[in-house]
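# Summary of the model geometry
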Amino acid sequence: MTMTERIITIGLCVIGTMATRFLPFLLFRPNKKTPRYIQYLGKALPAAIFGMLVVYCLKNVSVLTGSHGLPELIAIALVVVLYLWKRNMLLSIAGGTICYMLLVQTVF
């Protein structure tokens, strides 16, 4: 890429990011009621995104070879236990990630 192409690319990324940050505030004014479908999306999409991330993370796990998916299963179980115990999503995700990395690097 030439320097001009780089500057244009960075500029487009900045414009796209700013548009997605400011557009909701321009479309949905505080003095107006938020449409019901937007409220529904605000409640339904977080769970859908997490479900999609779980599927994406487990798509290449083979239960027929190697460790048979045990590190992934143990890490997922730890995430569930930590979340049920502390109700803290950040702690659950960090704990599961650290557990998985330790298992892959040292045990499996």
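Here, every reference points to the structure presented above.
Residues numbered from 1 in each chain as written. Predicted model: local features only at pLDDT ≥ 70, side-chain atom pairs only at ≥ 80, totals over all residues. Heavy atoms only, no water.

Per the secondary structure count, the protein includes 4 helices and 0 strands. Taken over the C-alpha trace, the protein has a radius of gyration of 21 Å; the compact-globule value for 108 residues is 13 Å, which it surpasses by more than 25%. Judged by the C-alpha coordinates and their principal axes, the protein covers about 50 × 45 × 25 Å. A burial count over the protein gives 9% of its 108 residues as buried. Long-range contacts, defined as pairs at least 24 residues apart, comprise 38% of the intrachain contacts of the protein with a sequence gap of at least 6. For the protein, the computed accessible surface area is about 9,200 Å², with 73% contributed by carbon and sulfur atoms. (Helix = DSSP H or I, 4+ residues; strand = E, 2+ residues; numbered from the N terminus. Rg over C-alpha atoms; globule rule 2.2 N^0.38 Å. Buried < 20%, exposed > 50% of the residue type's maximum accessible area, 1.4 Å probe, protein only. Contact = heavy atoms within 4.5 Å. Areas by Shrake-Rupley, 256 points an atom, 1.4 Å probe, with all protein chains shown as cover.)

The next thing to look at is helix H4 (residues 89-107). Its 19 residues give H4 an end-to-end C-alpha distance of 26 Å, which sits within 8% of 27 Å, the value for a rise of 1.5 Å per residue. Elements that come into contact with the buried residues of H4 comprise helix H3 (70-86). In this structure Asn88 caps H4, since a side-chain oxygen of it lies 3.0 Å from the backbone nitrogen of Leu90. (Expected span 1.5 Å × (residues − 1). Polar contact = N/O pair within 3.5 Å; in protein donor to acceptor, adjacent residues only side chain to side chain.)

Okay, the packing of aromatic side chains next. Evaluation of the coordinates by the stated rule reveals 0 aromatic pairs. When the ring centre of Trp85 is taken as reference, the NZ or CZ atom of Lys86 above it lies at 4.6 Å. (Phe/Tyr/Trp six-rings, centres within 6.5 Å; stacked < 30°, edge-to-face > 60°. Lys NZ or Arg CZ within 6 Å of the ring centre and 35° of its normal.)

This part covers unusual backbone geometry. The backbone of His68 sits at a positive phi, close to 60 degrees, despite the residue not being glycine. Mapped onto the elements, His68 comes out in the loop between helix H2 (36-58) and H3. A positive phi angle is found at Arg87, which is not glycine, with a value near 55 degrees. The residue Arg87 is located in the loop between H3 and H4 in this model.

Attention shifts here to the side chain of Ser92. Take Ser92: it is sitting in helix H4. The exposure class of Ser92 is buried, given its relative accessible area of 2%. One polar contact links the side chain of Ser92 to the main-chain amide nitrogen of Tyr83, over a distance of 3.1 Å. Discounting residues that sit within four places of it in the chain, Ser92 has contacts with Val79, Leu82 and Tyr83.

The analysis is restricted to geometry; functional conclusions fall outside its scope.
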